Amino acid sequence: MQIHIHKAGQSAVQNFNFDQFEFGRVPTDHMLLAQYSDGAWQDAIIEPSRDLQMSPLAMCLHYGQTVFEGMKAYKTSDGNICIFRMEKHFQRMNKSLLRMAMPEVPRDLFMDGIKAVVDLDRVWVSDREGYSLYLRPFVIATEPKLGVASSREFVFMVVCSPMGPYYPRPLNVKVERSYIRAAQGGVGFAKNGGNYGAALYPTIQAQQQGFDQVLWTDAVTHEYLEESGTMNLMFVLDNILITPPLHGTILDGVTRDSLLTLARDMNVEVQERPISVQEIADALQAGRHVEAFGAGTAAMIAPFASITCDDQRYSTYTGPDALMFRLKAQLQGIRTGTVPDIHGWNTIL
Ligand SMILES: *Cc1c(COP(=O)(O)O)cnc(C)c1O
């Protein structure tokens, strides 16, 4: 497989205001595009970012065969550019593709393609503290056909967009017990578009009730906590880091896995097990130390200030010495090269 490169004439980075921008609005100079047809992936092309042209009959527009990833490139303290945990993102993308009856992306195409785009768009990776370049690999079904079936044509693309520091105020979240995000046997573990469209209506309702985000519960009992928005869910109960297990309804988050690994490195006890609303409520009522936060590539960690369940509001700990902030600092240190990368997570360009 080859990657053909058509370079952009002039970089648009000069016109980009890194002091003030809304995330995800502006693509970098280049994008990668590879087509799947006749049962095989064809050569990839990197070209100046542009709009796509496709048939209105293209199947991704109708039947939801879309899969994406979200990952980041950073400037390290010694001026290099590194991409975080490419291998784990690659594995997860192919798991999602398999579930959606879409062709897996070859390792070379994913790895070499992403590295080549980021290398061409180096100037977009800011060295300012907390900045990164967000990378969005995705696959869509492009065969023009209105009958419901699996597409026989697909496109793999990589687009990038700068991201600034993300310091959210602690979130107020609501335990969602009417709507669900995913059920056993469904597609909850896949990063496919339909999961996100289906989450919007309950999320907007929660926002109208004054909450920032919902905490999804399991589809059967609505007792067990699963995820929050597009983040995995974590708790610190006394000194134990607890997170729901991967059993098909939640994303195998790269941030989740990284934080669990770093906690074990710090000799913090880690438990992957079901965690009920009642357990959290009881712990808070008993005056125990409870931290709660979301974990994902975009925010890294998003602390929760309160959890509301059936009109009962519980406040959680967000003090500066919280374990979640120590874990975040460690993770950020690895990404930017100030903490040794003992697990080999960084791909240095
Ligand atoms: C992407 C995502 C996550 C977080 O995964 P990361 O690999 O850490 O970014 C968690 N939950 C959902 C539903 C997601 O889409």
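All chains use their own residue numbering, which begins from 1 and follows the written sequence. Only residues with pLDDT of 70 or above have their local features reported here, since the model is predicted, and side-chain atom pairs are shown and tallied only from 80 upward, although totals for entire chains, interfaces and linings are computed over all residues. Note: side-chain values were computed over all heavy atoms of the structure, leaving out hydrogens and water.

**Overview of helix H3 (residues 107-120)**
Then, in step 1: End to end, H3 covers 20 Å across 14 residues, agreeing with the expected 20 Å (1.5 Å per residue, within 8%).
Then, in step 2: Inspection of H3 places Leu 109, Phe 110, Met 111, Gly 113, Ile 114, Ala 116, Val 117 and Val 118 among the buried residues, and these make up the whole buried set. By the criteria applied, helices consist of DSSP H or I runs no shorter than four residues and strands consist of E runs no shorter than two, each listed in order from the N terminus. Given the number of residues in a helix, its expected span is that number minus one, multiplied by 1.5 Å. Burial classes follow relative accessibility: with a 1.4 Å probe on protein chains only, a residue under 20% of its type's maximum area counts as buried, one over 50% as exposed, and anything between as partly exposed.

**Let's talk about the packing of aromatic side chains**
Then, in step 1: Aromatic pairing here means that ring centres of Phe, Tyr or Trp (its six-membered ring) are within 6.5 Å. Orientation follows from the plane angle: under 30 degrees is stacked, over 60 is edge-to-face, and everything else is tilted. Here the structure, examined in full by the defined rule, presents 14 aromatic pairs.
Then, in step 2: Seen in terms of ring centroids, Trp 41 and Phe 156 are 6.4 Å apart; in terms of plane orientation they differ by 80°. Their pairing is edge-to-face. On the criterion of sequence distance, the pair formed by Trp 41 in strand S3 (residues 40-48) and Phe 156 in strand S8 (residues 154-163) is long-range, its members being 115 residues apart. An identical accessibility class is assigned to Trp 41 and Phe 156; each is buried.
Then, in step 3: Their ring planes at 80° and their centres at 5.8 Å tell us that Phe 84 and Trp 345 sit as a pair that is edge-to-face. Separated by 261 residues along the polypeptide, Phe 84 in strand S6 (residues 81-84) and Trp 345 in the loop between helix H7 (323-336) and strand S18 (346-348) bring together distant segments of the chain. Across the pair, exposure class does not vary: Phe 84 and Trp 345 are buried alike.
Then, in step 4: Looking at Arg 128, its charged tip hangs above the ring of Tyr 131, at a distance of 5.5 Å from the centre.
Then, in step 5: Sitting over the ring of Phe 84, Arg 335 keeps its end group 4.5 Å from the ring centre. Only Lys NZ and Arg CZ are tested; either one counts as a charge over a ring when it is within 6 Å of the ring centre and within 35 degrees of the ring normal.

**A look at the pattern of salt bridges**
Then, in step 1: For this analysis, a salt bridge means a side-chain nitrogen from Lys or Arg found within 4 Å of a carboxyl oxygen belonging to Asp or Glu. Going through the model one piece at a time under the given rule, you end up with 19 salt bridges.
Then, in step 2: Between Arg 177 and Asp 310 there is a salt bridge; the shortest N-O distance is 2.6 Å. Note that Arg 177 is positioned in the loop between strand S9 (171-176) and helix H4 (193-208) and Asp 310 in the loop between strand S16 (300-309) and strand S17 (312-315), a separation of 133 residues in sequence.
Then, in step 3: We classify Arg 177 as partly exposed; its relative accessible area is 22%.
Then, in step 4: Of the residues examined, Asp 310 reaches a relative accessible area of 55% and is grouped as exposed.
Then, in step 5: The network of salt bridges with shared partners includes Lys 88, Lys 95 and Asp 252.

**Looking at the pairing of strand S5 (residues 71-75)**
Then, in step 1: Of all five residues that make up S5, four are buried, and the element is covered over most of its length.
Then, in step 2: Here three bridges tie S5 to strand S7 (residues 132-141), and the two strands are oriented antiparallel to one another. What sits directly across from Ala 73, in S7, is Leu 133.
Then, in step 3: Pairing between strands is defined by DSSP: at least two bridges between them are needed. As paired elements, S5 and S6 share three bridges and run antiparallel to each other. Within S6, the position partnered with Tyr 74 by the bridge is Cys 82.

**Things to note about the packing of helix H2 (residues 86-99) against H3**
Then, in step 1: Close contact between H2 and H3 brings their axes to 11 Å; oriented N to C, the two are set at 130°. By the criterion of interaxial angle, the relationship of H2 to H3 is oblique. Of the two elements, H2 crosses H3, and the hand of that crossing is right-handed. Contact with H2, carried on its side by Met 86, Glu 87, His 89, Phe 90, Gln 91 and Met 93, involves Arg 107, Phe 110, Met 111, Ile 114 and Lys 115 of H3 and no other residues of that element. Axis definition: a line fitted to C-alpha atoms, over the contacting stretch in the case of helices. Angles run 0 to 180 degrees between N-to-C directions. Working rule for angles: under 35 degrees goes down as roughly parallel, over 145 as roughly antiparallel, 65 to 115 as roughly perpendicular, anything else as oblique. For a crossing to be left-handed, the near helix must be turned anticlockwise from the far one by less than a right angle; the clockwise case is right-handed. Working rule for contacts: check all heavy atoms of both residues, and any pair within 4.5 Å makes them a contact.

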